[in-house]
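One-letter residues, chain by chain:
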Amino acid sequence: MKLFTEYPEKDEQNYYNLVAEQVRIQMDKLYKDEERALRDTHAKTHASVEGNLEIFDFDEQKIKSELAKRTRLTQKQLNGISLKQGLFATPKQYPVQLRFANGRTNVENDYVSDTRSMSVKVIGVEG
């Protein structure tokens, strides 16, 4: 097996379909008779922000040298690592949208103790 390579399970699509069906059932239980459906978690948005994410060029060999010092990876494993791929393949700027929200399934007063979340949507990434 190669590091940083996806190897889908044989029945991955079937598992996906099962999970999707369970989510649909849960959403129907929660919101079937409601005027509007909320997310199944993190229901209350606190803020939505737009911005830019800038990917800078970096020295992959320098990072691999540091990994060699700080980890127990073999040289073969280090040679199999390719950091400049996907989002990090080339220096570039991407528009992003950030969403800050609560952690509950329902909308509560902001003063109710709860976890908080932040999600990031990067727009225009190929692949």
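Here we summarise the structure given alongside this text.

What counts, and at which threshold
- Residues numbered from 1 in each chain as written.
- Predicted model: local features only at pLDDT ≥ 70, side-chain atom pairs only at ≥ 80, totals over all residues.
- Heavy atoms only, no water.
- Pairing = 2+ DSSP bridges.
- Helix = DSSP H or I, 4+ residues; strand = E, 2+ residues; numbered from the N terminus.
- Axes fitted to C-alpha atoms, helices over the stretch in contact; angles between N-to-C directions.
- Salt bridge = Lys/Arg side-chain N within 4 Å of Asp/Glu carboxyl O.
- Buried < 20%, exposed > 50% of the residue type's maximum accessible area, 1.4 Å probe, protein only.

Comments concerning the sheet that holds strand E2 (residues 92-102)
Taken in spatial order, the three strands of this open sheet run E1-E2-E3, and their pairing is antiparallel. If you trace the sheet from one side to the other, it starts and ends with strand E1 (45-55) and strand E3 (116-122), each paired once. Across the sheet, the mean angle separating the axes of adjacent strands is 25° when strand polarity is ignored. Judged from the seven bridges that link them, E2 and E3 form a sheet pairing that is antiparallel. Paired with Arg99 across the two strands is Ser119, which belongs to E3.

Observations concerning the pattern of salt bridges
Any two side chains of opposite charge can pair, on the condition that their charged atoms come close. Scanning all chains against the criterion turns up eight salt bridges. Arg24 is paired through a salt bridge with Glu21; the nearest N and O atoms lie 2.6 Å apart. Placement of the pair is Arg24 and Glu21 together in helix H1 (residues 12-31), with a separation of three residues, close to one helical turn. Exposure remark for Arg24: the relative accessible area of 42% places this residue in the partly exposed category. With a relative accessible area of 33%, Glu21 lands in the partly exposed category. The shortest N-O distance in the salt bridge between Arg70 and Glu66 comes to 2.8 Å. Of the two residues, Arg70 and Glu66 are both situated in helix H2 (residues 60-70); the distance of four residues between them amounts to about one turn of the helix. A relative accessible area of 69% means that Arg70 is categorised as exposed. Under the relative-accessibility criterion, Glu66 is labelled partly exposed at 29%.

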